[in-house]
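Read off the chains here:
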Amino acid sequence: MMSAVENPKISLQDLNDLEDRIKNNRATSEDYSVLDNYLSFLGVKNYILSTLEKHRINGYEEFIDQRKNYSSSEINMLVGSVLGVISTLKKYITGKL
C-alpha cells in the first residue's frame, strides 16, 4: 500500500527569508533540502542536488563549505542558479508566472 505524501507548503515570506540567507551565505543544508523537496513536489526531482553533483559537489554540506572557503565563478554560478529557482518560485506562488 502506498502511503500518502504530504503536500509541502512554502510561503512567499519563507522564500524571501531563504533568499536572504543564501545571498548572505547563511543557508544550511536543511534550507537547500527544503527547497529541493518543494521542487520535487512540483515535479522537478532533486534539482539543486543534481546540479551540484553535475559540478562534482557531493551534497549541500560540501556546497556550503565551498561557498565559505573558496570563491570561484562556478560556485557563483551555482548560487545564481539557486537564486533563480527562488525567484521563479516567488512568481509561481504569487500567480505572476
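Whatever comes next refers back to the structure up there.
### A word on the overall build of the protein
Turning to step 1, where the next piece is worked out: On a plain count of helices and strands, the protein comes out with 5 helices and 0 strands.
Turning to step 2, where the next piece is worked out: Each helix and strand of the protein, ordered N terminal to C terminal, gives the series α-α-α-α-α.
Turning to step 3, where the next piece is worked out: For the protein, the C-alpha radius of gyration of 14 Å lies close to 13 Å, the compact-globule estimate for 97 residues.
Turning to step 4, where the next piece is worked out: For the protein, the spread of C-alpha atoms along the principal axes amounts to about 45 × 35 × 20 Å.
Turning to step 5, where the next piece is worked out: Within the protein, buried positions represent 33% of all 97 residues.
Turning to step 6, where the next piece is worked out: Of the contacts made within the protein by residues no fewer than 6 positions apart, 59% connect residues no fewer than 24 positions apart.

### Details of the nonpolar core
Turning to step 1, where the next piece is worked out: Counting 23 residues, the largest nonpolar core has Ile-22, Tyr-32, Leu-35, Ile-48 and Phe-63 as its most contacted members.
Turning to step 2, where the next piece is worked out: By residue number, the principal contributor to this core is helix α5 (residues 73–93), which donates 8 residues.
Turning to step 3, where the next piece is worked out: The residues contacting Leu-35, other than those within four sequence positions of it, are Leu-15, Leu-18, Ile-48, Val-82, Val-85, Ile-86 and Leu-89.

### Some remarks on the packing of helix α2 (residues 29–41) against helix α4 (residues 60–69)
Turning to step 1, where the next piece is worked out: Interhelical geometry of α2 versus α4 gives an angle of 125 degrees and a closest axis separation of 9 Å. Our classification of the angle between α2 and α4 gives oblique. The two elements α2 and α4 meet at a crossing, and its hand is right-handed. Of α4, the residues touching α2 (which contributes Ser-29, Tyr-32, Ser-33 and Asp-36) are Tyr-60, Glu-61, Phe-63, Ile-64 and Arg-67.

### Quick word on the packing of α4 against α5
Turning to step 1, where the next piece is worked out: Interaxial distance between α4 and α5 falls to 10 Å at its minimum, and their mutual angle equals 125 degrees. The angle between the axes of α4 and α5 places the two elements in the oblique class. Where α4 crosses over α5, the handedness of that crossing is left-handed. When α4 is examined against α5, the residues Phe-63, Gln-66 and Arg-67 are found in contact with a partner set consisting of Ile-75, Leu-78 and Val-79.

### Observations concerning the pattern of salt bridges
Turning to step 1, where the next piece is worked out: Counted under the stated rule, the structure contains 3 salt bridges.
Turning to step 2, where the next piece is worked out: Put simply, Glu-19 and Lys-90 hold a salt bridge, and the shortest N to O gap is 2.9 Å. Taken together, the residues span a long stretch of sequence, with Glu-19 in helix α1 (residues 12–23) and Lys-90 in helix α5 at a distance of 71 residues.
Turning to step 3, where the next piece is worked out: Residue Glu-19 is classed as buried on the basis of its relative accessible area, which comes to 15%.
Turning to step 4, where the next piece is worked out: Ionic pairing is found between Arg-26 and Asp-20, a salt bridge with its closest N-O pair at 2.6 Å.
Turning to step 5, where the next piece is worked out: Classification of Arg-26 as partly exposed rests on a relative accessible area of 46%.
Turning to step 6, where the next piece is worked out: By relative accessible area, Asp-20 is classed as partly exposed at 35%.

About the thresholds
- Residues numbered from 1 in each chain as written.
- Predicted model: local features only at pLDDT ≥ 70, side-chain atom pairs only at ≥ 80, totals over all residues.
- Heavy atoms only, no water.
- Helix = DSSP H or I, 4+ residues; strand = E, 2+ residues; numbered from the N terminus.
- Rg over C-alpha atoms; globule rule 2.2 N^0.38 Å.
- Buried < 20%, exposed > 50% of the residue type's maximum accessible area, 1.4 Å probe, protein only.
- Contact = heavy atoms within 4.5 Å.
- Core = buried A, V, L, I, M, F, W, Y, C linked by side-chain atoms within 4.5 Å.
- Axes fitted to C-alpha atoms, helices over the stretch in contact; angles between N-to-C directions.
- Parallel < 35°, antiparallel > 145°, perpendicular 65-115°, else oblique.
- Left-handed = near helix turned anticlockwise from the far one by under 90°.
- Salt bridge = Lys/Arg side-chain N within 4 Å of Asp/Glu carboxyl O.

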